[in-house]
Amino acid sequence: GTLLLEGSGAVVPPVAVDATVTVVGTREHALEHLGPVRLLRSDLVALTPDDPALADELRGLARGPVIRIELAPEPAEPLPRDARVAFFSTGAGRPAGLEPVVVSRNLARRGELAADLERARAERCDVYLTELKAAAIDTVAVAAERAGARVVFVRNVPRSRAGEPEFDAALLALYNQRTMTGIAP
């Protein structure tokens, strides 16, 4: 059993846990407000900005390893080869092997997103590939339905950056460490 808790903002989940993995998205989130508290509790830190200096700084606070990662977007289900894809995201990456007709980084900016959705409709995109956050349901999915397009969600797969320890192996090691000591994560 693994329990995943979202702890953004000014929250430290009020539950006892056997292991904590913290994902850091910005210097501010790591080092301001409750960021240092989260790091002090972390058995493993996944750092998304490609910032070696920040990684070194966080290693001084976290009780476990700090691994620089990237989040690689990938469709949650196979796409037809001939699909005309509109890709909606808040991040910078693109799904590997995919050349979307429309790319929108405006999932969290509804004004700009409306223009991107209009472009996707005008380009006759038949698949709207979207992260499941921000306006994915009430805006992108509704627009896809109106345009007769299929909605496919994107999962962001954590992958270690070059020269970093393998993130999946670090997660497995943390799990094994906890189960070997009789602490079930």
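Residues numbered from 1 in each chain as written. Predicted model: local features only at pLDDT ≥ 70, side-chain atom pairs only at ≥ 80, totals over all residues. Heavy atoms only, no water.

Visitor: Help me out: how do you make sense of the side chain of serine 89 in this one?
Guide: In this fold, serine 89 is placed in the loop between β4 (85-88) and β5 (102-104). Of note is the side chain of serine 89, whose polar atom sits 3.3 Å from the side chain of glutamate 131. Sequence-distant contacts of serine 89, defined by excluding residues within four places in its chain, comprise Ser104, Arg105, Asn106, Leu107 and Glu131. (Helix = DSSP H or I, 4+ residues; strand = E, 2+ residues; numbered from the N terminus. Polar contact = N/O pair within 3.5 Å; in protein donor to acceptor, adjacent residues only side chain to side chain. Contact = heavy atoms within 4.5 Å.)

Visitor: It is not clear to me how the pattern of salt bridges should be interpreted in this structure. Could you clarify?
Guide: Where charged atoms from two side chains of opposite charge approach closely, those side chains can pair. Throughout the structure, instances matching the rule amount to 18 salt bridges. Between arginine 63 and aspartate 43 there is a salt bridge, with its nearest N and O atoms 3.0 Å apart. Of the two residues, arginine 63 sits in the loop between α3 (52-59) and β3 (66-75) while aspartate 43 sits in the loop between α2 (35-40) and β2 (44-47), which places them 20 residues apart along the sequence. For aspartate 43, a relative accessible area of 10% puts it in the buried group. Between arginine 110 and aspartate 138 there is a salt bridge whose closest N-O contact spans 3.2 Å. Note that arginine 110 is positioned in helix α4 (residues 110-122) and aspartate 138 in helix α5 (residues 136-147), a separation of 28 residues in sequence. When its relative accessible area of 46% is taken as the criterion, arginine 110 is described as partly exposed. Within the structure, one salt-bridge network assembled from shared partners comprises Asp50, Asp56, Arg59, Arg68, Glu70, Arg161 and Glu164. (Salt bridge = Lys/Arg side-chain N within 4 Å of Asp/Glu carboxyl O. Buried < 20%, exposed > 50% of the residue type's maximum accessible area, 1.4 Å probe, protein only.)

Visitor: For this particular structure, what's the right way to read the pairing of β3?
Guide: Regular strands place side chains that alternate from one sheet face to the opposite one. In this sheet, β3 lies alongside β2 in parallel orientation, the contact comprising three bridges. Across the sheet, the residue bridging to alanine 46 is isoleucine 67, located in β3. Bridge count for β3 against strand β7 (residues 150-160) is seven bridges, and the pairing is antiparallel. Residue pairing for β7: glutamate 74 is matched across the bridge by arginine 155. (Pairing = 2+ DSSP bridges.)

Visitor: Even after reading the chapter, I still don't get the sheet that holds strand β6 (residues 127-131), so can you show me in this structure?
Guide: The strands making up a sheet are joined through hydrogen bonds of the backbone, oriented either antiparallel or parallel. Pairing is mixed in the open sheet, where seven strands are placed in the order β1-β2-β3-β7-β6-β4-β5. The sheet is open, and its two borders are formed by β1 (21-24) and β5, each paired with just one other strand. On average, adjacent strands in this sheet sit at an angle of 25° to one another, irrespective of strand direction. With respect to the sheet, α5 is in contact with β4, β6 and β7, its orientation differing from that of β6 by roughly 175°. (Axes fitted to C-alpha atoms, helices over the stretch in contact; angles between N-to-C directions.)

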